[in-house]
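As a plain string of letters, each chain reads:
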Amino acid sequence: MWLKEREFHPLSINLLANAAQQNSWSPAILLEKWEDQHSVVLDHGKGKLQSLWFTMQLSLNSPTVQKLGEDVYCALAVIAFLPQGLNSKLASQLLPSLLQVGDICDVLCMQSLVYCQGNLIKMLSPIQHFVRDSLPKPHPTSLRDIHAFYYCTVRQSAAQNSHADIIISDHLNIEHVVAFYLAHILDGAAEETYRTCSQFLECLQLHLPHPTTLTPAVFNIVENSSTWTLKADCLWKLSWLYFTLSQYAERMKPLKAAEALYLTAGKHNDAALCVINCANMYRCQGRFLQSQQVVEAFQHSDLWKHLSKSTQAQAWYFLDSARMYTFTVSADELYLNSMEDHVCGLESKIWHWQAKFYYGGDIVQVNSHLEDLVLQCADTGRLAAHTKALQGLTEIAFCDGRLPDTMDTLHKIMVSEGQSSSNVLWYTVWKAVVASKQGDHDLVRELIYQSFGFFALRSAYTFLHASYVSACIELTTGEYDRAKSHFNVMIEGCDVQDDLWYKAYGFRGLGEVAFVHGEFPLAAQCFAETQALCTEMGVPPRNLYSCDPFCALPERFKGWALFLKGL
């Protein structure tokens, strides 16, 4: 791993080995020296085979490099400064003050001081450390140029949803530049820096969700009256990035920090949204009782009376989103307090009728109301609500045995304009469930393979969803060992994510595998674990799948039902 970080640079490896031998350093001491001194460790003699410094000077003093003047050093410093290197397609825009930047990069490539990887002009790690340690830092003009270009790109991307290609291609460079200026605020540019950070986090969430090196930089923003709201905005956007990644426990940290800052700044509605989203994170983990308690405590706090009617309606919406799974109130009472809100009213009406279906209401009546709501969503252009209403129709068709209709509606959701990658993968998994019921096992495996795509590897919740359905399909086809393996992997993932919901599904699945094999004590142990998880979630065991019909196991797996009957 350590040599990989040195990018297997032959001269550097040889010099490191010689340095360790001459100084009688152990590998641990050599690593410590490198971390502390970097390229200095690579200079312990004269001649190009004994000193990185000597080798670099030979290249830098060559006539082709010298005739380009001081701009060569500016270009080298910039390439070393940017973690991805310099994007050759954007070089003239990033460095307009270096008029010969293209020619300079060509010469540096010929001298093997840099190399090309796609559109990126990069530097091997040892050379990068040498440039950082031994040559002048990037010129202030170059830094201003890079700052101006990347900041403008981020602003336009956030405002117009454009430049996604640059956000994706240069994301590590932009992160580095934003972090650099968070640590070195320019005079009069504090607000611009914080707003750009907030906007870039939003761009990452939309175009390339991944854990970001900006997290510590955001938390380290100095807090005073001029930064309370700006820092809270950055934390709020950071929380949404974690939400997209399904890292719910990690999301709690920026949410709670943002809530405290919004309260300090007197931004009551923004603070309330942080509380509401914390409650929703508990719901996403299957912690319905905890979610409910957070919202109810909030409704009895002093903050409640300071909130707008719309924010209060959103609190009711998330409260009912937790209560629905606990079956502690009738479906008729759910979502009534948020139905008229302009933000969540349409979604509340959809969930109200879905709750009626989950609670055993009349399918024909629910189907009719959801079809009307689909039309309302189409008229208002509300994509998320439209998707939710179609999902409700999909669940009804699935439970009613209308499998071709189920497939058609799922396809309609997946090809709808503006649909996110995570939703497409999510409903791809549902198509696999339907295909399994239809007996098309080749299609099932193809869809499951598709579901473990680029986004699933970044979204823990999507990964758990695909893993669980994959286990269920193996169980249904009689591949019990494979099913057991999938269930165990999924349970391990649930422990990492602190997810009770899929963990309960996983133990029930393991119980059914044991039951089929006649291992009744083991089956009872797994079912008891499932029951305990239901209690912790606040879900009646008999209603474990009532609100999640696509995750229910076929009725022929009777171990759980017999366990609940005490047999």
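Everything quoted here is computed from the prediction, not taken from an experiment.

(A) Region of the structure containing the overall build of the chain. Secondary structure assignment for the chain yields 30 helices and 3 strands. Relative to its full complement of 567 residues, the chain shows a buried share of 53%. Of the roughly 25,600 Å² of accessible surface on the chain, a fraction of 54% belongs to carbon and sulfur atoms.

(B) Examining helix 17 (residues 268-284) more closely. Taking 1.5 Å as the rise per residue, helix 17 with 17 residues should run 24 Å; its terminal C-alpha atoms sit 24 Å apart, in good agreement. Where burial is concerned, most of helix 17 is hidden: 13 out of the 17 residues are buried.

(C) The packing of aromatic side chains, seen in detail. Within the structure shown, the criterion is met by 28 aromatic pairs. With 6.4 Å between their ring centres and 80° between their planes, Tyr151 and Tyr181 make a pair best called edge-to-face. Residue Tyr151 is found in helix 10 (residues 140-160), and its partner Tyr181 is found in helix 12 (residues 171-183); the two are separated by 30 residues along the sequence. Take Tyr151 and Tyr181: they sit in the same class, and that class is buried. A cation sits over an aromatic face here: Arg251 above Trp240, 4.2 Å from the ring centre. Directly above the aromatic system of Trp353 lies the positively charged group of Lys356, at a separation of 5.3 Å from the ring centroid.

(D) Inspection of the nonpolar core at higher detail. Counting residues in each nonpolar core, the largest one holds 169 residues, and the members touching the most others are Leu76, Leu86 and Tyr468. Of all the elements, helix 17 adds the most residues to this core, at 10 residues.

(E) Spatial organisation of the packing of helix 6 (residues 71-81) against helix 8 (residues 101-110). For the pair helix 6 and helix 8, interaxial distance at closest approach is 10 Å and the crossing angle is 75°. One element, helix 6, and the other, helix 8, form an angle in the roughly perpendicular class. Two secondary-structure elements touch here, helix 6 through Asp71, Val72, Ala75, Leu76 and Ile79 and helix 8 through Ile104, Cys105 and Leu108. Across the contact of helix 6 with helix 8, the residue classes break down as 7 nonpolar, no polar and 1 charged.

(F) Representation of the sheet that holds strand 3 (residues 120-122) in the model. Ordered by their spatial adjacency, 3 strands build an open sheet running 1-3-2, and the pairing between neighbours is antiparallel. Of all strands in the sheet, those bounded by a partner on one side alone are strand 1 (86-87) and strand 2 (115-117). Pairing geometry for strand 1 and strand 3, over 2 bridges, is antiparallel. Looking at the pairing, Asn87 lines up with Leu120 of strand 3.

(G) Seen up close, the packing of helix 22 (residues 383-399) against helix 23 (residues 403-415). Closest axis-to-axis distance for the helix 22/helix 23 pair is 8 Å, and the angle between their directions is 165°. By the angle between their axes, helix 22 is roughly antiparallel relative to helix 23. Between helix 22 and helix 23 lies a crossing of left-handed hand. Residues Thr387, Leu390, Gln391, Thr394, Ala397 and Phe398 of helix 22 lie in contact with helix 23, whose contacting residues are Leu403, Asp405, Thr406, Thr409, Leu410, Lys412 and Ile413.

(H) Region of interest: the pattern of salt bridges. Using the criterion set out here, one finds 16 salt bridges in the structure. Glu223 serves as the salt-bridge partner of Lys231, at 2.9 Å between the closest nitrogen and oxygen. With relative accessibility at 49%, the residue Glu223 sits in the partly exposed group. Across the salt bridge formed by Arg402 and Asp400, the nearest N and O atoms sit 3.2 Å from each other. Taking the relative accessible area as the measure of exposure, Arg402 reaches 29% and is therefore partly exposed.

(I) The side chain of Ser310, seen in detail. Relative to the elements of secondary structure, Ser310 occurs in helix 19 (residues 309-326). The buried category is assigned to Ser310, whose relative accessible area is 14%. Those residues in contact with Ser310, other than ones at most four positions away along the chain, are Asp341, His342 and Val343.

(J) How the structure looks around the side chain of Gln205. Counting through the fold element by element, Gln205 comes out in helix 13 (residues 190-207). A distance of 3.2 Å separates a polar atom in the side chain of Gln205 from a polar atom in the side chain of Thr244. Setting aside residues up to four positions removed in sequence, Gln205 forms contacts with Trp240, Leu241 and Thr244.

(K) The environment of Lys256, seen in detail. Take Lys256: it is sitting in helix 16 (residues 248-264). Sequence spacing of Lys256 and Trp236 is 20 residues, and the spatial spacing of their C-alpha atoms is 9.3 Å. Dropping the residues within four chain positions of it, Lys256 is found in contact with Cys278 and Tyr282.

(L) Representation of the state of the cysteines within the structure. Following the criterion strictly, the structure yields 0 disulfides and no others. No disulfide involves Cys472; its nearest neighbouring cysteine sulfur is the one of Cys551, lying 6.8 Å away.

(M) Focus on unusual backbone geometry. Despite not being glycine, Ser246 has its phi angle at roughly 60°, a positive value. Following the sequence through the fold, Ser246 ends up in the loop between helix 15 (228-244) and helix 16. Since its relative accessible area comes to 4%, Ser246 is described here as buried. In this structure, Tyr335 takes a positive phi of about 70° despite not being glycine. Along the chain, Tyr335 turns up in the loop between helix 19 and helix 20 (345-358).

(N) A look at the environment of Ala159. By the element assignment, Ala159 lies in helix 10. Separated by 40 residues in the primary sequence, Ala159 and Gln199 have C-alpha atoms spaced 8.8 Å apart.

(O) Seen up close, the environment of Gln285. One can find Gln285 in the loop between helix 17 and helix 18 (288-299). Separated by 213 residues in the primary sequence, Gln285 and Asp498 place their C-alpha atoms 6.8 Å from one another. Excluding residues within four positions of it along the chain, Gln285 makes contact with Tyr248, Ala249, Gln497, Asp498, Asp499, Leu500 and Trp501.

Analysis parameters
- Residues numbered from 1 in each chain as written.
- Predicted model: local features only at pLDDT ≥ 70, side-chain atom pairs only at ≥ 80, totals over all residues.
- Heavy atoms only, no water.
- Helix = DSSP H or I, 4+ residues; strand = E, 2+ residues; numbered from the N terminus.
- Buried < 20%, exposed > 50% of the residue type's maximum accessible area, 1.4 Å probe, protein only.
- Areas by Shrake-Rupley, 256 points an atom, 1.4 Å probe, with all protein chains shown as cover.
- Expected span 1.5 Å × (residues − 1).
- Phe/Tyr/Trp six-rings, centres within 6.5 Å; stacked < 30°, edge-to-face > 60°.
- Lys NZ or Arg CZ within 6 Å of the ring centre and 35° of its normal.
- Core = buried A, V, L, I, M, F, W, Y, C linked by side-chain atoms within 4.5 Å.
- Axes fitted to C-alpha atoms, helices over the stretch in contact; angles between N-to-C directions.
- Parallel < 35°, antiparallel > 145°, perpendicular 65-115°, else oblique.
- Contact = heavy atoms within 4.5 Å.
- Nonpolar A, V, L, I, M, F, W, Y, C, P; charged D, E, K, R; others polar.
- Pairing = 2+ DSSP bridges.
- Left-handed = near helix turned anticlockwise from the far one by under 90°.
- Salt bridge = Lys/Arg side-chain N within 4 Å of Asp/Glu carboxyl O.
- Polar contact = N/O pair within 3.5 Å; in protein donor to acceptor, adjacent residues only side chain to side chain.
- Disulfide = S-S within 2.5 Å.

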